[in-house]
Structure formats: C-alpha cells, structure tokens
Amino acid sequence: MAKVFVLVEHRRGSIREATFECVTLARELQTAAGLEPAAVVIGSGVAPFAETLAAYLPETIVVDDPSLEHFRFETYAAVLRDLIERETPLLVIAPHSAFGMELVPRLSAELARPCATDCVAVGMDGGALAATRSVYNGKIDERLAFAPAGGYFATVRAGSYAPADPAGTGAIRAHACPAPPAAWRTEHRGYRETAAGAVDITQAPLLLAIGRGIKDAENIPKAQALADRLGAVLACSRPVVDKKWLGKERQVGTSGRTVKPKVYLALGISGAFQHIAGIKGPGVFIAVNRDPKAPVFRAADFGVVEDMFKIIDALAEKLGAK
Amino acid sequence: MEILVCVKRVPDTADAEVALRPDGRGIREEDLAFGINEWDNYAVEEAIRLKEKHGGAVTVATIGPAESEDVLRRCLAMGADDAVMIDEASFRGADPYGIARGLAGLARRKAYDLVLAGALAGDDGYGMTGPVLAGYLGWPHATLVTSIEVEGKKIAVARELEGGLEEILAVELPAVLTIQTGINEPRYVSIMGIRKVRSKDIPVLAPADIGVGAGEVGENANLLRSLGLSTPPAGAEAVMLKGAPAEVAQRILDIVKERGGVA
Ligand SMILES: Cc1cc2nc3c(=O)[nH]c(=O)nc-3n(C[C@H](O)[C@H](O)[C@H](O)COP(=O)(O)OP(=O)(O)OC[C@H]3O[C@@H](n4cnc5c(N)ncnc54)[C@H](O)[C@@H]3O)c2cc1C
C-alpha cells in the first residue's frame, strides 16, 4: 500500500510540536486515501525520538548516524534521496518551518517530485492529492493539484492541524545512513540566541501588541504610554522589530516569543500565521484593524474594525478620566 | 564579489481590498499598488552592502511583466550596477520550478559568487524559488539568512530558526542564499535617485538566451497546477464590537477587567 512519510523535526534534544500536527494530517490521509503513515526520524542518538513516534504512528523509520547530529540540508537530503528512492512513498510531509523550508523545496526539485509549500490543508480531490494554500496575506485560498509524478511533497503551515495524541504502539525499523560524499560544502557551527533582552513579554497578563499599522517610529511612544496606563506590557509583530522600532524580545510569533496572556490586545496587526502561532493559552484575543477582511479576525475572539489611533486615543481618555 | 539578486514585483495586499477576477483564476490587479517584494528589498540592500565592503558588482534580475521595470530601476537607484529582465511571455503562469529554471539559466551566464533571493514573496508565499534554483545549479544554499560574513572562498551565515534562535552555517561559494527581513535597514530611495537611472539600459533576454527551450516553462510545464481561487469567510470567529471609539474602548476595558488582565 502507498505510504505517507512524516519527517520528524527535532532540535537540541526535543521533538518540535509541529511534527505532531503533521502526524494528524498523516492519520487523516490514512482514513481518506488509505495511505500507510510512517514517521522518519533522522539524527544522531535519536532512538528516544523513535520510541516517542512509535506511540503515534504504525511505523517509524530511524536513520541514526553521528554525521547527522545537527540538521543540514546536505546530510539530510542525502539520507532522504536514498530512503525515498527505495521506499517510494506517495507523499512526504514536513512542517513549513525553518527546517521544512530549508530541506523540502530543493529536495523536491532534485527528485522531480512536486511540492506544495505552506499548505493549510492536504486531502483528496477526485481521486488525486490536492493542497490548499492561503495566499495574498490570507485573503485568498488557492487549491493546487500536482502534475503526475512518482510521488509528492507538502509542507504544512503551523496551526493548520491540531497536534495528535498518542495512539497504539508502532514498529521501529532502522535504515542505514548512505555513504557520505568526498566532501560536504556546508558546516554547522552552532546556535545563537537573538531574542534576549530586559523585557519579558511571556509572563505578562495583559499584552498590548502593535503591528505595521503603527506606521511610524514617532507613534511608538504613544503606544508605550497607553501600555503603561493600562498596566500592559508592549509587544509587537515582526515588521516593528525589523524596522528596529522595538527590540526583538518584544516580538510575538514563530521567530519571536510564544505568549499566553490573559488578554492580548492587537492593534494594526494583519494576522499572519507566523504571528498568530505565537499566541497560546486560554486568554482572550481582541483585534483592532481598519480592514474588515484582515485575517486576524479569523483568529481573534473580539474584533473592532476601526482606525487603531482612534482606539488608542479613546482608551487613553477613558483611563485618564478614571 | 559578483552577486545576482532575484527580485519580484508584487501587489501590496496586507492593507488593501483583494477581489477575485470573474474567471476565478487570479485577483483583480487594477486597484492594487505594486512594488518590490519586501524580502527582495532586504536582499538587494544586503548585496549592495557586500559589494561596498568587498568590491565586485550587483546585478538584479526579474522574470515578470513589463511593469517590473519600475522595480528594477528602484534597485539601480539603491546602488545595483546592472539590471536584466527575462521576457515574461513564455513564463506566464509558471510555478516556482519554472521561474527557478529561468533564473538558473541566467545565473549560468556569468561567474557569480552569490545569488540572493527573498526568503519568500508576499503574494504567493511559496518560499521555493531560492532553494529550487540552488538545486538546479547544484550549488549549496541557505534559507532565511539574517547575517552574512565573507571568509575568503566561504561565507558564514546565520539562519533564522524558531523562538529567537539562529544557527550558524559555513557555506562554500558559489552559493544561493534566501534573505529574511530585518537582516539590514534598506536604504531610502528618492525620486531624484530614480531619475538618475532613468536612461540606464535594461536588457530583456529571450528564453533562448538563458538556455530555456520552448514549452519547457510556463503553465503547461508546471509541476503545480491551480484548481482555482476562493475567498475565505471574513472574521468568521470573532465577535465584532461596534460603535463609536469611546464605546468600543469601554467594552475593551470591561473585557480586560473581566478576564483578569487588570486595567
Ligand atoms: C520565517 C518567517 C518567520 C516569521 N516570524 C514572525 C514572527 O515571529 N512574528 C510576526 O509577527 N511575524 C513573523 N513573520 C512575518 C509575517 O509573515 C508577517 O509579515 C507579519 O506578521 C506582518 O506583520 P503586521 O501584521 O504587523 O503587518 P501587515 O501584515 O503589514 O499588517 C498591517 C495591518 O495593519 C492594518 N492597519 C494599517 N493601518 C491601520 C490603522 N491606522 N488602524 C488599524 N489598522 C491598520 C492593516 O489593515 C493590516 O491588516 C515571519 C515571516 C517569516 C517568513
């Protein structure tokens, strides 16, 4: 029976959550398309990860070799070219993350197996695989089919599927690491932390988060003043950090911090998945945006379609009057 | 250092109304403002900084409609030395594999040390062009790059990972890098600056010039095929708070108090 592989993403000793979202998709495809799911764990000393995955999927394939200690395209691609050619899975899925983005598109080109990246859904359409992607800043959905090929790839957007719960005990099977080439052309030199800073947005019960709608560096003090009056900590989306208007430690999202405040008040943030993925927990999410079609209103509990500066002024006035 | 930067003209859709064309196969472009893809702007700036520090030249290239010339002129005004366009007709509707094939042909025309592209484009968001291009060229690559240090025949780059973490990779040249936003602060382009490069020649290459045969790229050669576009429901989940700003502000404060966010 045709297989669907889940590429297990792990870093510095732990499996990344996005892997279990891909497990959910693989299980759905088992039901919808009769595909047989298998996890693929690549790394050095990764037997414990294989044990973990065995509790989720019927089969786990492990490639364990000292040369695979840190993820690199070259070494992982060499393993996967070999594995995919031997086992011919119909579909290989991975998270659309720094790992998936580095690894999958190029591998798909090298193997001439079409890849749909950043999918919010993958399923069957008239007997063939089809993917749904969210494009144009989340304002349009596109359905994609693959040109007929030996197999396909898909990378999955974070938060598109709920993380799976363990179910049953699967088999674990080792696959040998192929012989290395004469020389590698890339080398892993280590990790570096960038979001360190004096402010900790992860512990605040109330976050006031500003996005590109703040428009100008000149408006930052206004937002900070409102945050102070509210007793909130000021947070932001990525463009505000890219422009150096606020420090990286205040950025919410996949490449910034994950927060779980009691209340998240977002002003002028469009709701890109990389931002939304950083807001967790049972708190309430209020979004203010002047665009009624902004995707942030699909993630928020409460929405306000209004110019954020009017809301900032109105809040400041109410708080001043107290 | 000889650097090729791949750029794309995209519509600004974050802060605009986006509507489907009647045939459902694309969006209405009439009312949208177009400009350089945000990620590409950082890539051009980074290339110019590398040139300023290490010498060499920067060429910017695009595969796109005639209007893309504005984007290339903007890059020239920033400080790129040359610009080149690939005639779009045979690439119309091409998927990222087709675009990468064209760009690979272009990259082979000269001995480039480095090809830069944006980590993704803000319109279709595939994030594929750079790494697929590297695959076609057979060069090493790194995606989501947030810093570049030249070390002779090698470079050391930082790749952005999740949660504020980066990894450092040494990469042999020639290489393909995709650039993440925030790597630098792109310089401002004045109207005067654009005027200065107004008469600079921008050659338009035919597919044959870059080794692409008829029918090898374009919609019929695509590995990814669109089944159609649709509009997702707006704000399906949020409870909308309506009224004058003062009323809405009061509702917000009430919610904050109720939910224990203090205020
Ligand atoms: C690998 C990767 C990692 C990333 N990581 C992160 C991350 O960790 N965090 C993050 O935030 N992003 C991240 N991004 C970027 C993300 O994709 C978006 O580009 C970003 O979140 C957009 O920020 P924004 O919503 O502030 O800006 P935009 O998308 O430009 O939205 C601005 C919004 O403000 C509204 N607006 C403008 N003016 C006003 C006004 N006066 N009043 C009310 N509303 C107004 C507009 O309608 C629009 O909806 C990442 C991207 C990549 C590729």
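Computed from a predicted structure; not experimentally measured.

The next thing to look at is the interface of chain A and chain B. Each side of the interface is counted separately: chain A has 92 residues, and chain B has 89 residues. If you sort the residues of chain A by the area they bury against chain B, R106, Y136 and R185 of chain A come out on top, with a joint share of 9%. In this structure, the salt-bridge partner of D15 of chain B is R290 of chain A, at a minimum N-O distance of 2.7 Å. Where chain A touches chain B, the interface holds 48 residue pairs in polar contact (both at pLDDT 80 or more). Here the side of chain A that touches chain B is composed, by residue class, of 40 nonpolar, 14 polar and 38 charged. Examined bridge by bridge, strand β17 (residues 302-305) of chain A and strand β13 (residues 239-240) of chain B share two bridges and lie parallel to one another. Following the sheet pairing, F302 of chain A is matched in β13 of chain B by V239 of chain B.

Our next topic: the site of the ligand. If you check the shell around the ligand, you find 31 residues, and the closest are R212, S237, Q251, S255 and S270 of chain A. Near the ligand, the surrounding residues belong to chains A and B. Within the side chain of S237 of chain A, one N or O atom sits 2.5 Å away from an oxygen atom of the ligand. A distance of 2.6 Å separates an oxygen atom of the ligand from a polar side-chain atom of S270 of chain A. Against a free-state accessible area of 980 Å², the protein chains account for coverage of 93% of the ligand. Elements that contribute at least two residues to the shell around the ligand include exactly α6 (238-242), α7 (273-276) and α9 (308-321) of chain A.

One can find A314 of chain A in helix α9. Under the relative-accessibility criterion, A314 of chain A is labelled buried at 12%.

Quick look at the packing of helix α1 (residues 38-54) of chain B against helix α2 (residues 69-78) of chain B now. Residue and element names in this part refer to chain B. Between α1 and α2, the shortest axis-to-axis distance is 10 Å and the interhelical angle comes to 30°. The way α1 lies across α2 gives a crossing that is right-handed. Between α1 and α2, the residues in contact are N41, V44, E45 and I48 and R74, C75 and M78, respectively.

Below, the discussion takes up the nonpolar core. Among the nonpolar cores identified, the biggest contains 90 residues, and L7, L80, L91, I93 and L103 of chain A are the most heavily contacted of them. Residues within four places of I93 of chain A in sequence aside, it is in contact with V4, F5, V6, L7, C22, L25, A26 and A154 of chain A. In terms of nonpolar packing, the next biggest core, distinct from the first, is built from 38 residues, I3, V5, Y42 and M85 of chain B among them.

Across the sheet, which stays open at both edges, the ten strands sit in the order β11(A)-β5(A)-β4(A)-β1(A)-β6(A)-β10(A)-β7(A)-β8(A)-β9(A)-β12(B) with mixed pairing between neighbours. At either margin of the open sheet sits one strand with a lone partner, and together these are β11 (171-174) of chain A together with β12 (224-230) of chain B. For this sheet, the mean angle separating the axes of adjacent strands, direction not counted, is 30°. The strands that helix α2 (residues 47-54) of chain A touches are β4 (36-43), β5 (59-64) and β11 of chain A; relative to β5 of chain A, the one it contacts most, it runs at about 170°.

Our focus in this paragraph is the sheet that holds strand β14 (residues 233-236) of chain A. Taken in spatial order, the six strands line up as β14(A)-β13(A)-β15(A)-β16(A)-β17(A)-β13(B) in an open sheet, and their pairing is parallel. Every other strand in the sheet has two partners, leaving β14 of chain A together with β13 of chain B as the edge strands with one partner each. Strands in contact with helix α5 (residues 220-230) of chain A are β13 (206-210) and β14 of chain A; relative to β13 of chain A, the strand with the most contacts, it is inclined by about 170°. Relative to the sheet, helix α6 (residues 245-258) of chain B contacts β13, β15 (263-267), β16 (284-289) and β17 of chain A, its axis offset from that of β16 of chain A by approximately 160°.

We now examine the side chain of Q180 of chain B. If you trace the backbone, Q180 of chain B turns up in the loop between β10 (175-179) and α5 (191-196). Residue Q180 of chain B is classed as buried on the basis of its relative accessible area of 8%. Polar contacts involving the side chain of Q180 of chain B include one to the side chain of E160 of chain B, which spans 2.9 Å. If we ignore the near neighbours within four places in the chain, the residues touching Q180 of chain B are R238 of chain A together with W39, Y42, A119, L144, V145, T146 and E160 of chain B.

Tallied over the full model, the rule gives 39 salt bridges over all chains. Shared partners join several salt bridges into a network, and the residues in it are K3, E59, E87 and R173 of chain A.

The share of residues in chain B with pLDDT of 70 or more is 98%, and the mean pLDDT across the chain is 95. With a pTM of 0.96, the predicted complex shows an ipTM of 0.96.

Attention now moves to the pairing of strand β7 (residues 115-125) of chain A. All names here are of chain A. As paired elements, β7 and strand β10 (residues 152-156) share three bridges and run parallel to each other. Paired with A116 across the two strands is A154, which belongs to β10. As paired elements, β7 and strand β8 (residues 128-135) share six bridges and run antiparallel to each other. Bridging from a neighbouring strand, M124 pairs with L129 of β8.

Cut-offs and rules
- Residues numbered from 1 in each chain as written.
- Chains lettered and ligands numbered in written order.
- Predicted model: local features only at pLDDT ≥ 70, side-chain atom pairs only at ≥ 80, totals over all residues.
- Heavy atoms only, no water.
- Contact = heavy atoms within 4.5 Å.
- Buried area = accessible area lost by both parts, 1.4 Å probe.
- Salt bridge = Lys/Arg side-chain N within 4 Å of Asp/Glu carboxyl O.
- Polar contact = N/O pair within 3.5 Å; in protein donor to acceptor, adjacent residues only side chain to side chain.
- Nonpolar A, V, L, I, M, F, W, Y, C, P; charged D, E, K, R; others polar.
- Pairing = 2+ DSSP bridges.
- Helix = DSSP H or I, 4+ residues; strand = E, 2+ residues; numbered from the N terminus.
- Near = heavy atom within 4 Å.
- Areas by Shrake-Rupley, 256 points an atom, 1.4 Å probe, with all protein chains shown as cover.
- Buried < 20%, exposed > 50% of the residue type's maximum accessible area, 1.4 Å probe, protein only.
- Axes fitted to C-alpha atoms, helices over the stretch in contact; angles between N-to-C directions.
- Left-handed = near helix turned anticlockwise from the far one by under 90°.
- Core = buried A, V, L, I, M, F, W, Y, C linked by side-chain atoms within 4.5 Å.
- pLDDT = per-residue confidence, 0-100.

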